[in-house]
Amino acid sequence: MIGTHVGSDGRSLGMVGDQFPCPDGLTEDELAQIEAVRTQEAAEQGYFAMQNHRPDTIGAALVDSPVGQLAWIAEKFRTWANPAHRTPDEAVDRDQLLANVSLYWFTRSGASSAQLYYEASHSELDWLMAADVPSAWSVFDTHPLMAKVFNAWGTVDRWVEHTAGGHFPAMEVPELLADDLRAFFADVG
């Protein structure tokens, strides 16, 4: 492996203190901002808890019902895509969204996708900074505290923030993501 590139969004702050460490030295105002994001995103963490603790339960449902698989994924596009869009198909092309759902359905990978969350949480590996290679983060629909919180230790070699996009940058703003990937790996390679 020659490098790692992480795509994220400002909603990741909602997992600081639970899934990600909270760095020392934050002001009371910064801690309050993180807590506000945590509170706002609390309702969005149900999928994570289910996949992290009971992947076999949700996995069975995701490979049993195409409507269930569609609802599971489309709901995330509705809530995680750029908030400027009211519906998932405003954020990404409807055919792209349906192709994404179809890939999960026809390969029956809803269960293995859920299992990934369990495995990552129970492996005791730092999946964000696991390798001793150059790293980059591209953060979409960012929050002003993202770099301070997620690069508090100065271990990220390239940090790029975008106001556009959301959790699905490859489908929402593919040019921005591709440019970031090209720039990072051109420097690494």
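Structure's up top.
Residues numbered from 1 in each chain as written. Predicted model: local features only at pLDDT ≥ 70, side-chain atom pairs only at ≥ 80, totals over all residues. Heavy atoms only, no water.

Caption draft 1: Region of the structure containing the packing of helix α2 (residues 46–53) against helix α7 (residues 110–122). Contact geometry for α2 and α7: axes closest at 7 Å, N-to-C directions at 75°. Classed by the angle they form, the pair α2 and α7 counts as roughly perpendicular. Mapping the contact onto sequence places Tyr47, Phe48, Gln51 and Asn52 in α2 and Ala114, Tyr117, Tyr118, Ser121 and His122 in α7. Here the residues of the contact of α2 with α7 sort into five nonpolar, four polar and no charged. (Axes fitted to C-alpha atoms, helices over the stretch in contact; angles between N-to-C directions. Helix = DSSP H or I, 4+ residues; strand = E, 2+ residues; numbered from the N terminus. Parallel < 35°, antiparallel > 145°, perpendicular 65-115°, else oblique. Contact = heavy atoms within 4.5 Å. Nonpolar A, V, L, I, M, F, W, Y, C, P; charged D, E, K, R; others polar.)

Caption draft 2: Main features of the environment of Gln51. Here Gln51 lies in helix α2. Spatially, the C-alpha atoms of Gln51 and Glu119 are 9.7 Å apart, while their sequence positions differ by 68 residues. Ignoring any residue separated from it by four or fewer positions in sequence, one finds Gln51 in contact with Ile58, Trp72, Ala114, Tyr117 and Tyr118.

Caption draft 3: Fine view of α2. Taken residue by residue, α2 has Tyr47, Phe48, Gln51 and Asn52 as its buried positions. Taken end-on, α2 shows its buried residues confined to a sector of 120°, consistent with a single buried face. On its buried face, α2 sits against α3 (55–64), α4 (66–80) and α7. (Buried < 20%, exposed > 50% of the residue type's maximum accessible area, 1.4 Å probe, protein only. Arc of directions from axis to C-beta.)

Caption draft 4: Here's a closer look at helix α6 (residues 94–106). If you check α6, its first and last C-alpha atoms are 18 Å apart, about what 13 residues at 1.5 Å a residue would give, namely 18 Å. You can read the cap of α6 off the contacts: a side-chain oxygen lies 3.0 Å from the backbone nitrogen of Asp95, and it is on Asp93. Of the residues one or two after α6, Arg108 is the one with positive phi, at around 55°. (Expected span 1.5 Å × (residues − 1). Polar contact = N/O pair within 3.5 Å; in protein donor to acceptor, adjacent residues only side chain to side chain.)

Caption draft 5: Representation of unusual backbone geometry. We note that Arg108 has phi near 55°; this positive angle belongs to a residue other than glycine. When you line up the elements, Arg108 lands in the loop between α6 and α7. Here the phi dihedral of Asp141 falls at roughly 45°; this positive angle occurs in a residue that is not glycine.

Caption draft 6: Structural context of the packing of α3 against α7. Where α3 meets α7, the axes come as close as 7 Å, and the angle between the chain directions of the two elements is 160°. Between α3 and α7, the angle falls in the class roughly antiparallel. When you trace α3 past α7, the crossing you get is right-handed. Residues Pro55, Asp56, Ile58, Gly59, Leu62 and Val63 of α3 touch α7, and the partners they reach there are Gly110, Ala111, Ala114, Gln115 and Tyr118. (Left-handed = near helix turned anticlockwise from the far one by under 90°.)

Caption draft 7: Just the nonpolar core, in detail. Judged by nonpolar contacts, the single largest core of 27 residues is most densely connected at Leu13, Val16, Ile34, Phe77, Trp137, Val149 and Phe150. Among the elements of the structure, α1 (28–41), α2, α4, α6, β2 (135–140) and α8 (146–150) are those that each provide at least two residues to this core. Ignoring any residue separated from it by four or fewer positions in sequence, one finds Leu13 in contact with Ile34, Val37, Arg38, His143, Leu145, Met146, Val149 and Phe150. (Core = buried A, V, L, I, M, F, W, Y, C linked by side-chain atoms within 4.5 Å.)

Caption draft 8: Quick look at the pattern of salt bridges. Taken as a whole and assessed by the stated rule, the structure comprises ten salt bridges. With its nearest N and O atoms 3.9 Å apart, the salt bridge here joins Arg158 to Asp180. Of the two residues, Arg158 sits in strand β3 (residues 158–161) while Asp180 sits in helix α10 (residues 174–188), which places them 22 residues apart along the sequence. Residue Arg158 is classed as partly exposed on the basis of its relative accessible area of 24%. You can call Asp180 buried: its relative accessible area is 6%. (Salt bridge = Lys/Arg side-chain N within 4 Å of Asp/Glu carboxyl O.)

Purely geometric numbers; function is a separate question.
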